[in-house]
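Chain residues, written in single-letter form:
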Amino acid sequence: LHQVSHGDDENDGEALGPLSMAAMNAQANLEDNIVVTFASSESLSEMTVLVGDDHECVSQTQDHSSSRSTSAEDFPRVWLDYLVASSHREGNRLQLSLRAARLTVFSHKRLEVLSSRHPFRWFLSVTIFRLALALIALLLLFAPPQDTAIWSLARVGQAQDAARLFRFTARKLRNGLSGSEISFPGIETFGLLRGSCLVPRYPAGDASLGSDAHKREVAGAAMTLTFDVPRSFDGWYFVTSNASSEVSPVEFTLESSDDGERWWVYVMPSMMALQRVSSVSSGQTVAAQDFSRIDTPPQPLQLVEMRWSSLACLWPAYAKILERTLKGLGLLAAVVCGQLGRFRASIQMLCLGFFLAAMLSISELVVLLRSCNLRMDYANLIEALTVVWIFPCPLILHDCLALELGAVSSAILLLVKAALRSGGAYFHLFFLLFVLVLLACRERVRSVARRAAARHQSELAKVWQDVAPPGDDSTLQDLDALVVKCRKNSRKPAYLRQFRLSYLKGSDGNIGIELDRIRSLEGFSAMKRNRSPSTHASFGAFASCADMALSDTKEITCFDQLYAQGVAMQRIVVDKLSAIVEELRASCESTAELVETPMKSIEASYDKILRKYDGAVTRLTDLVRQSIVFERVQDITACLRALHEDREVVVVSVKNRLVVSNEVESLGHVRDVRLKVRVVTEQSRFYGTSAFICELRLVLASMQAVTTPAMLEDLKSYRRLHQVDLRGRIALLWSRLKARCSLPRPRREHISKLSKICAEVLVDTAKEVGSFDSLYKSTARCLSNTQRHKDLLRLRCLFAGDILGTRLQELRHAIKKTGVSSVLFTSIPCTLALQKPVFTLLLLAGGAFYSYYAFGPGGTWQEVSSRHRFSVRAARMKVLQRRGVGQQAAGE
C-alpha cells in the first residue's frame, strides 16, 4: 500500500491548516473483498478499488461535492487535518518527545529551573550531574581509605595464623610518657582468646600444665609471651595494672611472630575490631599509624576482653563499610533512575540509601557506647542526625528546599567537624560554597524578574485607573458577588486534572448524569488507587485494553491523548462561545467580542508540564484557551452570569484579578477574570471530552491593548521564578511531614462516601466496557467516510498513546490468561510461550543453571582454563640431550 510521507515533522501535532496530502484507509468487508479508500481533504472524492477472487480490478469514482457542507459541519476540516498529520507517526510520539524535552528546557534555562518546585529533579536530568554522582558513588564504594572500602568487608573478623611469640608494647601512657621514657608496660598481664578460653589461663595456674606452657618476659615497655607450640587465636585480653590509672597505656602495639625475625602488627584503632595487619622486621620501628588505642581509662586489675569474632566488636567495622556502601548504592540507583527518566524514584533511592547509612551510623555509635570500651565519635552522630532530619532525607517528601537544606546541613557539619577536629571538613566547605553560589545566582535572576514584573504591573494599574468605574458604582460589587457564587457551585478539588469520559448511550441529553460522573472521577482520583488488569473472560473486546492503558481514575497521562482531546475541543469551545457572544450582543447589547486563540504550542506545553507540574500531563488545563474582550466591566458580569446559567457550560474555577487586593499575589498576572470551564455538549460527550478543562479569559479591551508579547513573557518568567517562595516552601514541607507523621482517623461518613464513590466508578466502568466493545465491533463494518473519521478521532481521544500497541499488549495479557495447551498447539508455540510467566521462569532457570555449570566452581570454564596445571611441592628438570650433540647425556 501507498505510504504517506509528506509534511514537515517539526509541525507534527500542531493544529495544521489545509493539507494537500491524502489519507489512505484500507478495510476488509465481510465478502472477502479488499476495499481501498482514498479520502482527499480538499475534494473529499472517494475512489474505491474492489479486488475480487478473480483478481479483476474495477475502479469507481464517487463525487461528494454536493455533500461537502454537511461533512464540514459534522466533521470539520481541522479535525481531518489532524488525523492525516497523525496517521504517519507513532501514536505516542508526543509523549516520548515530552520525556526528551526536559534536557532541552534545562539547557536553555539553567538558572530559572533552580526556582522551580523540584530543582533537584532538574539536576538529575543533566548528564554531567549524573556522571558526577556516579563518580562520587564509585569513590564511596572503591576509593581509599581502604579500611572502610567495600573490598575490606571480607577481612573483618578474619582468623589469624598461628604463632609462638606474642608481644605487647606500650607506646604512650596516660600521664604523657612515650617512647623510650616508658619503663613499664602499664598492664599486669595479657594473653590470647581462643573461642571462650583465655590462653594462658587467668587467674594464672601452673604455667607448665597442658598445652598452655608459656614464658613471660618484661623488658621496659614491652611484655612478651613465648609458647612451646604455635597458637591460633581470634582475640586477646589484658589485665590492667594495680597502680594508678595515670600509668595505663593510651597507645600500644600487639605483635605476633613465629620465628622472632618477622613480626605481624595488629592494628586496632579505638580497640575496635581488627582493622588491618601490617608486617615489620626485627629491629624495625612500627609506624605511628599502626598504633592501637585505649581511650577510656580502665579500673585497676580489670579484665578487658577483645573478641574479634563477637558481633559487638565486629559491628563497628561492618557498619563503617556498609555505611559507605549504602551511600554509594543509593547514588548509583539515583543515577540509573534518572537515566531511565524516573526522577521521583531517583530521589527516593538517594534518600533511602542515605537514610539506611545514617541508621547504621547511629547503631554503630550505640554499640560503641555500650560495649568494647570504645571512644564515641560525636561528629558521626551529628552527621547522621543531620542526614535524617535536614538533608537529604527530607527531600523524599518534597525537594523544593533542596538548596536551602543543603546549605544549612553543610554549615552545621562544617562547624561540628571544625570544632571537634574531625576529618571531612574540607568537603563540607566546598559543598557549602557550591550551594551558596547557586543560591546567589538564583536570587540574582529572581530580582531581575521581580523588577520587570513590578514595572509592568504599574503600567496595568495606570490603565485600570482610567477604565475603572467610580467608587460608588455597584458594578464591581456585583461582579464579586457573582464570582463568589460561582465558586460555591463549582466544588473545585485541590488540583484540577484532565479526565477522559466515554460516551454512555443511556445519558442522552442529561447533563446532570455527566456532572455526577465527573465528580465521582475527581473524588476517586484523589484516592490514588489503580485497579489491576481484569480477566478477559468477563468483559468485552476493549475491557482489558481500557484497564491496562487507563486506570480507573481515568486521568489522562499521555500527551498524545490530551492533544487529541484538545484538537476536538478547540472547535467545540469556539462554536459554543460564539453562540454565547452572539446571544449577549442580541439580548443586552453587550460589547463582547470573541478573540479566537490557537491552542497552546507543544513547546510551551512541554515547558509548563515539566517546570510547573513535574511531568504530570493530567494537570495541564490551559491547552485550549480562549479570550472574550469587553469594553465595560458590566459586560464582563453579564457574560459571567450567562456562562454560569448555561446548562452546557460547567464553571470549574474562577479568579477575579481586576481589582488588586494584594500586590504581592497579583504580581506577575494580567488584570482579567480567568475561568476554568468544561463544555458538555452532545459532540463533546460523543468524543469523550466532556470532562476536558479549558481556560477562558474575560478581559477589558484597554487591558488587552497594552498587553504586549514582551510583557506576557516577562510576567510568565516572574511566575516561573516565584512559583513557591521561601515561606511557602517551608509550609509545604511542614504540611507533607505532618501528614506523614499523623495517624489517619477515618470517620463513618467518610467511609460511606468512599464506598459510594468506588461503587459508582466501578459500575460506570462496566457500562463503558460495553460502549468500547460496541465501538470496536462497529468500526470494521463502517464504510462511511465521515463516520470512520469520527470513530478514529474518538479512539484517539479515549485511548492513550499508540492504539495498536495497546491492542497488542491486550493480546499478550490474553495469552497469559489462556491455558498451556492453547499455546502449545498453535502454529507459533515458541513465540506465544514467551508471553507465559511459567515458560519465562523455566528459561531463566535454564540460563542460570547453564551459567553455573559453565562458569561456576569446578565448571567447564575452570576445567579448560586450569588444564595442564598441577599442584606440586618440588620441581626437577633433567637434561637428557643438548642441542647440537648427537648423543644423550649420560648423567655427566
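Quick caveat, the model's predicted, so the values are computed rather than measured.

> Would you mind going over the state of the cysteines with me for this structure?
Defined simply, a disulfide is a covalent bond joining two cysteines at their sulfur atoms. With the rule as written, the count across this model stands at 0 disulfides. With no disulfide partner, Cys588 has as its closest neighbouring cysteine sulfur the one in Cys639, 9.1 Å distant. You can call Cys588 partly exposed: its relative accessible area is 39%.

> Quick question: what am I supposed to make of the pattern of salt bridges here?
Side chains bearing opposite charge may pair, as long as their charged atoms lie close to each other. This structure, assessed with the given rule, holds 28 salt bridges. Across the salt bridge formed by Lys320 and Glu364, the nearest N and O atoms sit 3.3 Å from each other. You can see Lys320 sitting in helix α6 (residues 311-339) and its partner Glu364 sitting in helix α7 (residues 343-370), a full 44 residues away along the chain. On the basis of relative accessibility, which here comes to 26%, the residue Lys320 falls in the partly exposed class. The buried category is assigned to Glu364, whose relative accessible area is 2%. Residues Asp607 and Arg720 are paired through a salt bridge, measuring 2.9 Å at the closest nitrogen-oxygen approach. Here Asp607, found in helix α15 (residues 602-611), pairs with Arg720, found in helix α20 (residues 709-721); they are 113 residues apart in sequence, far enough to count as distant.

> Looking at this structure, how should I read a positive patch on the surface?
On the surface, a cluster of positive charge is made up of Arg487, Lys492, Lys612, Lys655 and Arg719. For Arg719, a relative accessible area of 32% corresponds to the partly exposed category.

> Explanation requested: the nonpolar core in the structure shown.
For soluble globular proteins, nonpolar side chains are generally found buried alongside one another. Judged by nonpolar contacts, the single largest core of 93 residues is most densely connected at Phe559, Tyr563, Ile628, Leu675, Leu698 and Leu793. Ranked by residues supplied to this core, first place goes to helix α14 (residues 559-588) with 14 residues. Apart from residues no more than four positions distant in its own chain, Phe559 is found in contact with Leu94, Gln95, Leu98, Ile602, Ser605, Tyr606, Ile609, Val617 and Leu620. Leu331, Phe343, Cys393 and Leu395 belong to the second-largest nonpolar core, a separate cluster that totals 25 residues.

Cut-offs used in this document
- Residues numbered from 1 in each chain as written.
- Predicted model: local features only at pLDDT ≥ 70, side-chain atom pairs only at ≥ 80, totals over all residues.
- Heavy atoms only, no water.
- Disulfide = S-S within 2.5 Å.
- Buried < 20%, exposed > 50% of the residue type's maximum accessible area, 1.4 Å probe, protein only.
- Salt bridge = Lys/Arg side-chain N within 4 Å of Asp/Glu carboxyl O.
- Helix = DSSP H or I, 4+ residues; strand = E, 2+ residues; numbered from the N terminus.
- Patch = residues over 30% accessible without salt bridge, like charges linked within 9 Å, V, L, I, M, F, W, Y side chains within 5 Å.
- Areas by Shrake-Rupley, 256 points an atom, 1.4 Å probe, with all protein chains shown as cover.
- Lys, Arg positive; Asp, Glu negative; His and termini not counted.
- Charge placed at Lys NZ, Arg CZ, Asp CG, Glu CD.
- Core = buried A, V, L, I, M, F, W, Y, C linked by side-chain atoms within 4.5 Å.
- Contact = heavy atoms within 4.5 Å.

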